[in-house]
Amino acid sequence: MASPSTRGPVVSGDSAVRATGNLYHGGIMVNYRCNAACRHCLYACSPTRTPGYISRETMAEICGILRRGHIGSVHIGGGEPFLDFTGLVTAIAELKKADIDLDYVETNAFWARDDSRSREYVRTLKELGAGALCISLDPYHAEYVPYGLPLKLARLCDSEGLDYFLWKQQFLPSLSGLEALSVHSREELEKHLRPGYISATARDYGLRIGGRAINIEEEYGPSWPLAKLLRKAPACPDLLHTGHFHVDLEGCFIPPGCTGLRLPLAEAVDGIPPGKYPLFEALYEGGVAALLDLAAGRGFVPEPSYPSRCNLCFHIRAFLAGKGFAELDENHYKESLTYYSRRDCEDHHCDS
Ligand code: SF4
Ligand code: SF4
């Protein structure tokens, strides 16, 4: 899924914003709510995220902007897109109207438990020309969705002729010793896979650290002194990178990887008014050091060490969320710090 890279508009001092280049490989997040609350979820989705699903109107607006950015195809993700199948069908219809191809729809397959419903859904998707299903399968999801359901859905796709891929198939051999139709707790997975499966899975994924995954880094990663992290800390111009970006149900652009930040898509594409998003600008132009300066003026006191610059960035943003920065999604920070169960590594052998 590598994409060509280009940058979006530039925020530069008080100069006028510039027009964007083409958009590449985007995803539309139709909701934030999910039946699961996986410990690696970059978007911190969960059953307690605010309910809501992308509307036809927002979808049409997004499609118009994407067309202007010359995007040819997108994927649909969430949250769990299948929590509202009618909403999903509506979203796909809008893509079709705008002549934007749908590469795949992401799902954790929770709905495959019900045979007749899942057959109906798969047939409908096929009729709508929905590309493929990206079906999640890994030890993190196995805490919330029995891993037998992704496999059942894969078999159904085979029989109905709908393309799919398991994300990621490589985890199947290690899971296959477990009961397929039950969920499995962290303790069970540690016993049956290996004690350090959480960090090993993050490594195998090449997991981007953000959202709820910051907890994995904090539990398993080494920590570095603040001064070391800030030394030569680069600016973050990739915040406006247009390869593998996402747009959420409210029509906001989410930078690739740096979740919890968001801007209206129209502004991310057409130009960001200088001064409107000071926190975003600080990061874009001066990186985490500039963000720390901004936060220090508002009372943020850093810890002596963090596992990474992005981890520090997350905690500064979590502190500033709810303090008048429109570019921060307040719920993201609360939800990222919820649902992650830790254990005491002094009492156990947490090999990583
Ligand atoms: S990773 Fe996917 S299935 Fe898990 S909580 Fe996030 S959106 Fe839901
Ligand atoms: S420091 Fe912050 S803005 Fe920069 S790449 Fe890391 S998470 Fe993204």
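Residues numbered from 1 in each chain as written. Chains lettered and ligands numbered in written order. Predicted model: local features only at pLDDT ≥ 70, side-chain atom pairs only at ≥ 80, totals over all residues.

Caption draft 1: Main features of the site of ligand 2. All residues adjacent to ligand 2 are Cys236, Leu239, Cys258, Leu283, Gly287, Val288, Arg309, Cys310 and Cys313. Among the secondary structure elements, those contributing two or more residues to the shell around ligand 2 are α11 (278–296) and α12 (309–320). Taken together, the residues that form the shell around ligand 2 break down as seven nonpolar, one polar and one charged. (Near = placed C-beta within 6 Å. Helix = DSSP H or I, 4+ residues; strand = E, 2+ residues; numbered from the N terminus. Nonpolar A, V, L, I, M, F, W, Y, C, P; charged D, E, K, R; others polar.)

Caption draft 2: Highlighting helix α1 (residues 56–68). Between its first and last C-alpha atoms α1 spans 19 Å; for 13 residues at 1.5 Å apiece the expected length is 18 Å, and the two agree. For α1, every residue scored as buried is listed here: Thr58, Met59, Ile62, Cys63 and Leu66. Around the axis of α1, the buried residues are gathered within 135° of arc, so they sit on the same side. Buried positions along α1 lie against β1 (24–29), β2 (73–77), α2 (85–97), β7 (243–247) and α10 (265–270). (Expected span 1.5 Å × (residues − 1). Buried ≥ 20, exposed ≤ 12 C-beta atoms within 10 Å, placed from the backbone. Arc of directions from axis to C-beta. Contact = placed C-beta atoms within 7 Å.)

Caption draft 3: Quick peek at the site of ligand 1. Ligand 1 sits among Cys34, Ala36, Ala37, Cys38, Cys41, Cys45, Gly78, Gly79, Glu80, Asn108, Ser136 and His141. Residues belonging to the shell around ligand 1 are distributed by class as follows: six nonpolar, five polar and one charged.

Caption draft 4: Main features of the sheet that holds β2. One open sheet accounts for eight strands, arranged β5-β4-β3-β2-β1-β7-β8-β9; its pairing is mixed. Of all the strands in the sheet, just β5 (163–167) and β9 (263–264) have a single pairing partner and so form its edges. Two elements, strand β3 (residues 101–107) and strand β4 (residues 132–136), share three bridges in a ladder whose sense is parallel. Opposite Val105, over in β4, you have Leu133 as the bridge partner. (Pairing = 2+ DSSP bridges.)

Caption draft 5: Representation of the packing of α11 against α12. Packing of α11 against α12 brings their axes to within 10 Å, and their N-to-C directions diverge by 80°. The angle between α11 and α12 places the two elements in the roughly perpendicular class. Between α11, through Leu279, Val288, Leu291, Leu292 and Ala295, and α12, the contact on the second element is made entirely by Arg309, Leu312, Cys313, Ile316, Phe319 and Leu320. Taken together, the residues that form the contact of α11 with α12 break down as 10 nonpolar, no polar and one charged. (Axes fitted to C-alpha atoms, helices over the stretch in contact; angles between N-to-C directions. Parallel < 35°, antiparallel > 145°, perpendicular 65-115°, else oblique.)

Caption draft 6: Inspection of the confidence of the model for the chain at higher detail. Of the residues in the chain, 91% have a pLDDT of 70 or more, and the chain-wide mean is 91. Ignoring residues within four places in sequence, the model shows residues 1–20, a span with pLDDT below 50, making 43 contacts including any to other chains. Below a pLDDT of 50 lies the segment residues 345–352, which in the model reaches 10 contacts outside its immediate sequence neighbourhood of four places, other chains included. (pLDDT = per-residue confidence, 0-100.)

Caption draft 7: Structural context of the pairing of β5. Summarising the sheet, β4 and β5 pair through five bridges and their orientation is parallel. When the bridges of β5 are listed, Ile135 appears paired with Leu166. Crossover β4 to β5 through helix α4 (residues 148–160) is right-handed. (Right-handed = clockwise from strand over helix to strand, strands pointing away.)

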